[in-house]
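A closer look at the structure
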Amino acid sequence: NAGVTQTPKFQVLKTGQSMTLQCAQDMNHNSMYWYRQDPGMGLRLIYYSASEGTTDKGEVPNGYNVSRLNKREFSLRLESAAPSQTSVYFCASSGSSSLQGGTYNEQFFGPGTRLTVL
Amino acid sequence: GENVEQHPSTLSVQEGDSAVIKCTYSDSASNYFPWYKQELGKGPQLIIDIRSNVGEKKDQRIAVTLNKTAKHFSLHITETQPEDSAVYFCAASSSGSARQLTFGSGTQLTVLP
């Protein structure tokens, strides 16, 4: 049981290049998320997928696209990388649990991809 | 949307002392409040969470308190150890189909031996 895996671990791009960050989970979770982490700003949600076949914008979606390939995999694409996209990117997945009538969110994170755009 | 503020941004304590990190949230509909620990070079890991139907939860040296009226919640670590040194994030979420988490900006905790 690997949990959430991400590839690559590190990447350096030149401005204007494109790339896809891969994420997979083996916990049979319905929901998956992409965050970026910048110093002093915590984690900000880029896109999420509440269930297979659906995707929605988060707080900072500009410059990114996503694909929920199947229940296990959720990829993040940068079509034309910019220096402002230099960041650490985390994928997460979530299985909901119900308690006393409420549905709650427990997210499990991957190890991250450190991206530098020159 | 939800806004979560976290204080302090850095915290240094002597080994064995207690550490307290505080968060406030803005959306009264939020009902789930997890805390994550992030070690250097790794992804955040859930350490404890609390639902809105309880005011306090404890797990060994870690406890979380929630005041829904004031819209704030806190993480308490007692008998701190060097391995507690990490960045800690609070978050808030409301139930529903989106179930998004909004994170605080993080607290760098350093436990001095």
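This write-up is about the structure you can find in this document. The model shown is predicted, which means the values in this text are computed figures rather than measured ones.

**A closer look at the overall build of chain A**
A tally of helices and strands in chain A yields zero helices and eleven strands. Seen in sequence order, chain A has helices and strands lined up from the N terminus as β-β-β-β-β-β-β-β-β-β-β. For 118 residues, the compact-globule estimate of 2.2 N^0.38 gives 13 Å, and chain A sits close to it at 14 Å. Intrachain contacts of chain A at a sequence separation of at least 6 include 56% that bridge at least 24 residues.

**Description of the overall build of chain B**
When its secondary structure is counted, chain B shows zero helices and eleven strands. Relative to the globule expectation of 13 Å for 113 residues, the C-alpha radius of gyration of chain B, 14 Å, shows essentially globular dimensions. Along the first, second and third principal axes, the C-alpha set of chain B runs to 45 × 30 × 20 Å. Counting all 113 residues of chain B, 42% fall into the buried class. Of the roughly 5400 Å² that chain B leaves accessible, carbon and sulfur atoms contribute 46%. Looking at chain B, you have 10 positive and 12 negative side-chain charges, and the mean spots of the two groups are 7 Å apart.

**A short note on the packing of aromatic side chains**
The final tally for this structure, using the stated rule, is 14 aromatic pairs over all chains. For the pair A:Tyr33 and A:Tyr48, a centre-to-centre distance of 6.3 Å together with 20° between the ring planes defines the contact as stacked. Here A:Tyr33 is found in strand S4 (residues 31-37), whereas its partner A:Tyr48 is found in strand S5 (residues 43-49), with 15 residues between them in sequence. Centroid distance A:Tyr64 to A:Tyr89: 5.9 Å. Interplanar angle 65°. Geometry classified as edge-to-face. On the criterion of sequence distance, the pair formed by A:Tyr64 in strand S7 (residues 64-68) and A:Tyr89 in strand S9 (residues 87-99) is long-range, its members being 25 residues apart. Of the two residues, A:Tyr64 and A:Tyr89, neither departs from the other in class, the shared state being buried. Pairwise contacts between aromatic rings join A:Tyr33, A:Tyr35, A:Tyr48, A:Phe90, A:Phe109, B:Tyr36, B:Phe89 and B:Phe103 into one cluster.

**Some details on the sheet that holds strand S3 (residues 19-25) of chain A**
All names here are of chain A. Ordered in space as S1-S3-S8-S7, the four strands form an open sheet in which the pairing is antiparallel. What marks the edges here is a single partner per strand, and that holds for strand S1 (4-7) and S7. Strand-to-strand twist across the sheet, computed as the mean angle between neighbouring axes with direction ignored, equals 20°.

**Regarding the pairing of S7(A)**
The alternating pattern of S7(A) places A:Tyr64, A:Val66 and A:Arg68 on a buried face, while none of A:Asn65 and A:Ser67, on the opposite face, is buried. Joining the antiparallel neighbours S7(A) and strand S8 (residues 74-78) of chain A is a turn of five residues.

**Some details on the state of the cysteines**
Residues and elements named next belong to chain A. As enumerated under the stated definition, the model contains two disulfides over all chains in all. Between the sulfur atoms of Cys23 and its disulfide partner Cys91 the distance amounts to 1.9 Å. Here Cys23 and Cys91 share a disulfide; its torsion about the S-S bond, -70°, makes the bridge left-handed. Highlighted residues: Cys23 in strand S3 and Cys91 in strand S9, separated in sequence by 68 residues.

**Thoughts on the layout of surface pockets**
In this approach the atoms are scanned with a rolling probe the size of a water molecule, which exposes any empty space left behind. Considered as a void within the structure, the largest pocket measures approximately 640 Å³ in volume. In this structure, the largest pocket is lined by 28 residues; those nearest its centre are A:Gln37, A:Val88, A:Arg114, B:Gln38 and B:Gly41. Of all elements in the fold, only S9 and strand S11 (113-117) of chain A together with strand S9 (86-93) of chain B reach the threshold of two or more residues within the lining of the largest pocket. A class-by-class count of the residues in the lining of the largest pocket yields ten nonpolar, 13 polar and five charged.

**So, the side chain of A:Gln37**
Mapping A:Gln37 onto the fold places it in strand S4. The buried category is assigned to A:Gln37, whose relative accessible area is 15%. What A:Gln37 contacts, discounting residues up to four positions off in sequence, is A:Gly42, A:Leu43, A:Ser87, A:Val88, A:Phe90, B:Gln38 and B:Phe89.

Thresholds applied
- Residues numbered from 1 in each chain as written.
- Chains lettered and ligands numbered in written order.
- Predicted model: local features only at pLDDT ≥ 70, side-chain atom pairs only at ≥ 80, totals over all residues.
- Heavy atoms only, no water.
- Helix = DSSP H or I, 4+ residues; strand = E, 2+ residues; numbered from the N terminus.
- Rg over C-alpha atoms; globule rule 2.2 N^0.38 Å.
- Contact = heavy atoms within 4.5 Å.
- Buried < 20%, exposed > 50% of the residue type's maximum accessible area, 1.4 Å probe, protein only.
- Areas by Shrake-Rupley, 256 points an atom, 1.4 Å probe, with all protein chains shown as cover.
- Lys, Arg positive; Asp, Glu negative; His and termini not counted.
- Charge placed at Lys NZ, Arg CZ, Asp CG, Glu CD.
- Phe/Tyr/Trp six-rings, centres within 6.5 Å; stacked < 30°, edge-to-face > 60°.
- Pairing = 2+ DSSP bridges.
- Axes fitted to C-alpha atoms, helices over the stretch in contact; angles between N-to-C directions.
- Disulfide = S-S within 2.5 Å.
- 1 Å grid on protein atoms, 1.4 Å probe; cavity = no way out; pocket = protein on both sides within 12 Å on 5 of 7 lines; lining within 4 Å.
- Points joined across faces, edges and corners; volume = space filled by probe spheres on them.
- Nonpolar A, V, L, I, M, F, W, Y, C, P; charged D, E, K, R; others polar.

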